[in-house]
Amino acid sequence: MRTAPLDGVKVLEAATLFAGPLAATFLGDFGANVTKIEHPARPDAARTHGASKDGVGLWFKTLGRNKRIATLDLSRGRDVFVDLVRTQDVLVENFRPGTLERWGLGPDVLLAANPRLVIARVTAFGQVGPWSNRPGFGSLAEAMSGFAAVTGEPDGPPTLPPFGLADGITALATAYAVMVALRERDGSGAGQVIDMAIIEPILMMLGGGITAYQQTGYVQPRLGNRSSNNAPRNVYKTADGRWVAVSTSSQSIAERVVTLVGRADLVAQPWFATGRERAQHADELDDAVGSWIAERPLDEVMAEFEKAEAAVGPVHDIRGIMTDPQYAALNTIVAVDDDELGGPVQMQNVLFRLSESPGSIRWAGRPHGANTDEVLAEIGVSPEQLAALRAAGVV
């Protein structure tokens, strides 16, 4: 087995909740040495989000995996933080703009201490502009980006996702930006600052709406589970009360679906030739596909679609995900031993598979302050100094 791809890359995470911490998780999954810094009296609020067991936040077991956990009050432990930064390759932080500068820890100070440092600044609205100093979370990005406006039923309100979608997309973008900056540093030898605004990556994922509006004035409406680009495309209920999703993004798949459900005659219709035109006849296509599926149980629907080489997928809740054979074949869900929970804890595996240097989950999220002594000892903090810092509430 080769060394992990990011082995030797040191990442300092001074971030809370989701976008910044998840970006550091992605780096840690492929070997980066990630140290998460939490406030000694106010742990990351992510520890209390979602379900818990015996007072232990379960989501943090995934979000905090592959990270050493140390505590430090940056506002009072400035010199300690600067010493930590001297040893790092990357800093991921998500304080509101101006906060680090107010503590004497702005990029100018940090880059003077470590000119090779890559600083990823993750905020709701970015480092500049009229909204830069406002508080914000991913939900606001989902609203401002246009995502909520196009999500939901046509006669219903704009709809926000029930999970951190904008944060997750931003985390991926941040990890990518960090890798680009490290690659550039390989040539220049110098670090730099990444300005990542959570409102931007999700906007990129929404496709060509900006160009379409600028060129034609088109504003995408809410269509529920339908699409303005192809049909049939919806979720349909089976005879045994389950749901399946059908997609026909390619012409050949659309032809196979309507042929399977006994409406091969539709293929000859002039409007069937393009996805955009088919979308204008979604009522007729949904009726054909939906009525056929409604007469059959899930297993039969899945088998018949597979035989016809047409695209279909079950609408899973978490129970279906845990038993799905495709996820099992991909090893998408893994069990990680965890002392705090007294046994294995299951979670999503690393994001992708590398044939020669795969990532790994070496441990689940650890308790608050679990590695403070070890981390500070590495920068020369003596036991006596550590005791004084702890007595003062700095760590």
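The structure displayed is predicted, hence computed values, not measured ones.

Enquirer: I'm lost on a nonpolar patch on the surface in this one. Help?
Expert: On the surface, Leu172, Leu351, Phe352 and Leu354 cluster together into a nonpolar patch covering about 350 Å² of accessible area. Locating Leu172 in the fold gives a position in helix 8 (residues 165-188).

Enquirer: Even after reading the chapter, I still don't get helix 14 (residues 298-308), so can you show me in this structure?
Expert: Since there are 3.6 residues in each turn of an α-helix, residues three or four apart along the chain are aligned in direction. Along helix 14, the residues that are buried comprise Leu298, Val301 and Phe305. In a view along the axis of helix 14, the buried residues occupy a sector of 65°, so they form one face of it. Across helix 14 from its buried face, at more than 90 degrees, point the exposed residues Asp299, Glu306 and Lys307.

Enquirer: Quick question: what am I supposed to make of helix 10 (residues 209-216) here?
Expert: In terms of burial, helix 10 is a largely surface element, zero of the eight residues being buried. Positioned one or two residues after helix 10, Gly217 has a phi angle of 80°, which is positive.

Enquirer: Any chance you could explain the pairing of strand 10 (residues 243-246) here in plain terms?
Expert: It is a general feature of regular strands that their side chains alternate between the two faces of the sheet. The side-chain alternation of strand 10 yields one buried face, formed by Val244 and Val246, and one unburied face, formed by Trp243 and Ala245. Bridge analysis of strand 9 (residues 234-237) against strand 10 gives four bridges, and the strand direction is antiparallel. Along strand 10, the bridge assignment pairs Lys237 with Trp243. Across three bridges, the pairing between strand 10 and strand 11 (residues 312-314) is antiparallel. Pairing of Ala245 across the sheet is with Gly313, part of strand 11.

Enquirer: I tried to follow the domain arrangement of the protein on my own but got confused; where do I start?
Expert: Accessible area lost upon the coming together of the parts serves often as the stated size of an interface. Looking at the protein, the domain boundaries give domain 1 (10-205 + 355-392) and domain 2 (233-315). Measuring from the centre of the C-alpha atoms in domain 1 to the corresponding centre in domain 2 gives 43 Å.

Enquirer: Could you clarify how one ought to interpret the packing of aromatic side chains in this entry?
Expert: How two aromatic rings sit relative to each other is set out by the distance from centre to centre and by the angle between their planes. One pass over the full model with this rule turns up six aromatic pairs. Centre to centre, the rings of Phe95 and Trp103 are 5.2 Å apart; their planes meet at 80°, and the pair counts as edge-to-face. Judged by its relative accessible area of 23%, Trp103 is partly exposed. Arg47 extends its terminal NZ or CZ atom over the ring of Phe60, reaching a point 3.9 Å from the ring centre. Between the NZ or CZ atom of Arg278 and the centre of the ring of Phe272, over which it lies, the distance is 5.4 Å.

Enquirer: Is there a simple way to think about unusual backbone geometry in this case?
Expert: The phi angle of most residues is negative, glycine excepted, and most peptide bonds adopt the trans form. Omega for the peptide link from Ala231 to Pro232 comes to 0°, which places this bond in the cis form. Here Pro232 is to be found in the loop between helix 10 and strand 9. Look at Asp54: it is not a glycine, yet its phi comes out positive at around 55°. Positionally, Asp54 belongs in the loop between strand 3 (52-53) and strand 4 (56-57). The phi dihedral of Asn66 falls on the positive side, at around 60°, and the residue is not glycine.

Enquirer: Just to check I follow, could you spell out the pattern of salt bridges for this structure?
Expert: A pair can form between side chains of opposite charge whenever their charged atoms are brought close. Overall, the coordinates contain 25 salt bridges when judged by the stated rule. As a salt-bridge pair, Asp83 and Arg86 come within 3.2 Å of each other at their nearest N and O atoms. Residue Asp83 and its partner Arg86 are located together in helix 3 (residues 78-86), separated by three residues, close to a single helical turn. Among the charged side chains, a salt-bridge network with shared partners connects Glu13, Lys36, Asp44 and Lys67.

Enquirer: I would appreciate a short explanation of the pairing of strand 13 (residues 343-348) in the present structure.
Expert: Both strand 12 (residues 333-338) and strand 13 contribute to a ladder of six bridges, which runs antiparallel. Note on strand 13: the bridge partner recorded for Asp337 is Pro344. Taking the residues between adjacent antiparallel strands as the criterion, strand 12 and strand 13 are bridged by four residues, where Gly342 takes a positive phi near 70°.

Enquirer: What's the story with the sheet that holds strand 9 in this structure? I'm lost.
Expert: Two modes of strand pairing occur in sheets, parallel and antiparallel, and in both the strands are linked by backbone hydrogen bonds. Ordered in space as 9-10-11, the three strands form an open sheet in which the pairing is antiparallel. Each having just a single partner strand, strand 9 and strand 11 make up the two edges of the open sheet. With strand direction ignored, the average angle separating the axes of adjacent strands in the sheet is 30°. Sitting on the sheet, helix 13 (residues 282-294) is in contact with strand 9 and strand 10, with an inclination near 35° to strand 9.

Enquirer: Hey, could you run me through the sheet that holds strand 6 (residues 90-93) in this one?
Expert: The parallel open sheet is built from six strands, whose spatial order is 5-2-1-6-7-8. With one partner strand each, in any of the chains shown, strand 5 (67-71) and strand 8 (192-197) form the two edges of the open sheet. The mean inter-strand angle of the sheet, taken between neighbouring strand axes irrespective of direction, is 20°. Where strand 1 (residues 10-14) and strand 6 come together, four bridges link them in parallel fashion. In the sheet register, Leu12 faces strand 6, and the bridge partner there is Leu91. Relative to the sheet, helix 8 contacts strand 6, strand 7 (118-123) and strand 8, its axis offset from that of strand 8 by approximately 165°.

Cut-offs and rules
Chains are numbered independently. Their residues run from 1 in the order of the written sequence. Local features are withheld for residues below a pLDDT of 70 in this predicted model, meaning they are given only at 70 or higher, and side-chain atom pairs are given and counted only at 80 or more; totals for whole chains, interfaces and linings count all residues. Here the side-chain values reflect all heavy atoms present in the structure, with hydrogen atoms and water set aside. Like charges within 9 Å and nonpolar side chains (Val, Leu, Ile, Met, Phe, Trp, Tyr) within 5 Å are joined into patches, using only residues over 30% in relative accessible area that form no salt bridge. Computed with the Shrake-Rupley method and a 1.4 Å probe, the accessible areas treat only the protein chains shown as cover for residues. A pairing counts as a salt bridge when a side-chain nitrogen of Lys or Arg comes within 4 Å of a carboxyl oxygen of Asp or Glu. Only DSSP runs of H or I with at least four residues qualify as helices, and only runs of E with at least two residues qualify as strands; both kinds are numbered from the N terminus onward. Relative accessible area decides the class of each residue, using a 1.4 Å probe on protein chains only: under 20% of the type maximum gives buried, over 50% gives exposed, and in between gives partly exposed. As used here, the arc is the angular range of directions from the helix axis to the C-beta atoms. In this analysis, strands are considered paired if DSSP registers two or more bridges between them. All the domain ranges listed were derived from an automatic or database domain assignment. Stacked, tilted and edge-to-face are the three classes assigned to paired rings of Phe, Tyr and Trp, where Trp is represented by its six-membered ring and a pair needs centres within 6.5 Å; plane angles under 30 degrees give stacked, over 60 edge-to-face, the rest tilted. Note on criteria: charge over ring means Lys NZ or Arg CZ within 6 Å of the ring centre, with the direction from the centre no more than 35 degrees off the ring normal. For helices, the axis comes from a line fit to the C-alpha atoms of the stretch in contact; other axes are also lines fit to C-alpha atoms, and the angle between any two N-to-C directions lies between 0 and 180 degrees. Note on definitions: a residue-residue contact is assigned when non-hydrogen atoms from the two residues lie within 4.5 Å.

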